[in-house]
Amino acid sequence: MRLANLAGRAVVVTGGGAVDLAEASDGRFGPDPAAVFDHWDDVMAFVGGLGSHGAAPALVPVDPARLGPPSPTPRQVFAIGLNYRSHAAESGMEVPSVPATFTKFPACLTGQEARVELSGDTVDWEVELVAVVGRRADRVRADRAWDHVAGLTVGQDLSDRTVQFAAARQFSLGKSFRGYAPAGPWLVTPDEFTDRDDLGLGCTVNGEVVQDARTGEMIFDVAHLVAELSAVVPLLPGDLIFTGTPAGVGMGRTPPRYLAPGDVLESWIEGIGTLRTHLVDQGS
Ligand code: ZN
């Protein structure tokens, strides 16, 4: 199932359009895309039975520019640094023995076709698989962790490298300028993937491939991240885990290369889709 936030309403994306969850359920579920994660099992059961009795649900067109982040107001956003050996190597850092965790403050989330203002001239790209929590996870073992994941989406961990490494490192602030967490275009439930632990992912800048890897190369996979994080603090429905980026960021190049106004960033993950982001000058 593909669940999306279409202009602030929860919809199920099908081949021919989208089904509005509130309308199809006669108001049993509200339109708020954030609320579906509070009733995840009921929503899944309802969507599974859609169209099995009565008329097929009405379809609305999907305008990509109106797709917001699938979980628009998570209470917690976890992000993992150095979770691919290739990226740790290009960053000149040791591979960590525990997940290197920071946050992206939730108000920096945005969606498909977002226009994101660059905060300076050292802003970098980081394509990442994002796991969305569907059921509260408190001290969950890795072998049960996927039961707590609603689905997967594409994310960008946009990073102002100057701010990130200022004041003896402040990853969370340097990665939380307005719009610095594009996510989308929709959430795909784990059952849709042949191998949910090994998906191709990458990104292009103005059509040039700059990152191209597989999530199977992660040091801590989704299940282990849920286990490690939920050992510290409960994960709540709608929470996001940005799982880290592979090699190919601009900071790791010689000379370094950063995003410029007018650049178009396209981030893709196999089985999910492509998330497009437009970088613009401040004030434009
Ligand atoms: Zn990252």
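Residues numbered from 1 in each chain as written. Predicted model: local features only at pLDDT ≥ 70, side-chain atom pairs only at ≥ 80, totals over all residues. Heavy atoms only, no water.

## What about the nonpolar core?
Just so we agree on the cut-off: Put simply, buried Ala, Val, Leu, Ile, Met, Phe, Trp, Tyr and Cys residues joined by side-chain atoms within 4.5 Å make one nonpolar core. We call a residue buried when its accessible area falls under 20% of the maximum for its residue type, exposed when it is over 50%, and partly exposed in between, using a 1.4 Å probe and counting protein chains only. Strands here mean DSSP runs of E at least two residues long; helices mean DSSP runs of H or I at least four residues long; both are numbered from the N terminus. Domain segmentation is taken from an automatic or database assignment of domains. Contacts between residues were defined by any pair of non-hydrogen atoms, one from each residue, lying within 4.5 Å.
Ranked by size, the top nonpolar core spans 51 residues in total, and within it Leu-152, Val-226, Ile-241, Leu-259 and Ile-272 carry the most contacts. Sort the elements by how many residues they give to this core and helix 6 (residues 222-230) lands first, with five residues. Inspection of this core shows a minimum of three residues originating in each of domain 1 (2-62) and domain 2 (67-280). Leaving out residues up to four positions away in the same chain, Ile-241 has contacts with Phe-78, Ile-80, Leu-129, Val-130, Ala-131, Leu-225, Val-226, Leu-229 and Leu-235. Membership of the second largest hydrophobic core comes to 26 residues, among which are Leu-3, Val-12, Val-77 and Leu-109.

## Considering the sheet that holds strand 8 (residues 114-117)
Worth spelling out the cut-off: Here, a strand pair is defined by DSSP locating no fewer than two bridges between the strands. To obtain each axis, a line is fitted to C-alpha atoms, and for helices this fit is confined to the stretch in contact; angles are then taken between N-to-C directions over 0 to 180 degrees.
If you trace the five strands from one edge of the open sheet to the other, you get 8-18-17-14-15, paired in mixed fashion. Every interior strand has two partners, whereas the edge strands, strand 8 and strand 15 (208-214), have only one. Recorded for the sheet is a direction-independent mean angle of 20 degrees between the axes of neighbouring strands. In the sheet, strand 14 (residues 200-205) pairs with strand 15 via six bridges, with the strands oriented antiparallel. Across the sheet, the residue bridging to Leu-201 is Ala-213, located in strand 15.

## Examining the domain arrangement of the protein chain
Stated precisely, the cut-off is as follows: Buried area, as used here, totals the accessible surface that two parts lose on assembly, with accessibility defined by a 1.4 Å probe and the loss added over both. When a carboxyl oxygen of Asp or Glu lies within 4 Å of a side-chain nitrogen of Lys or Arg, that pair is called a salt bridge. Nitrogen and oxygen atoms within 3.5 Å of one another constitute a polar contact, given that in protein one can donate a hydrogen and the other can accept it, and given that sequence-neighbouring residues count only through two side-chain atoms.
Each domain of the protein chain was delimited in the assignment, giving domain 1 (2-62) and domain 2 (67-280). Computed over C-alpha atoms, the centres of domain 1 and domain 2 are 26 Å apart. Facing the 14 residues of domain 1 at the interface are 22 residues of domain 2. Each partner contributes to the roughly 1,400 Å² buried at the junction of domain 1 and domain 2, and carbon and sulfur atoms together form 60% of this total. Of all residues in domain 1, Arg-2, Asn-5 and Phe-37 give up the largest surface area on contact with domain 2, accounting jointly for 47% of the area buried on that side. Taken together, the links from domain 1 to domain 2 amount to two salt bridges. Residue Arg-75 is joined to Asp-38 by a salt bridge in which the shortest nitrogen-to-oxygen separation is 3.8 Å. Inspection of the domain 1/domain 2 interface yields five residue pairs in polar contact (both at pLDDT 80 or more).

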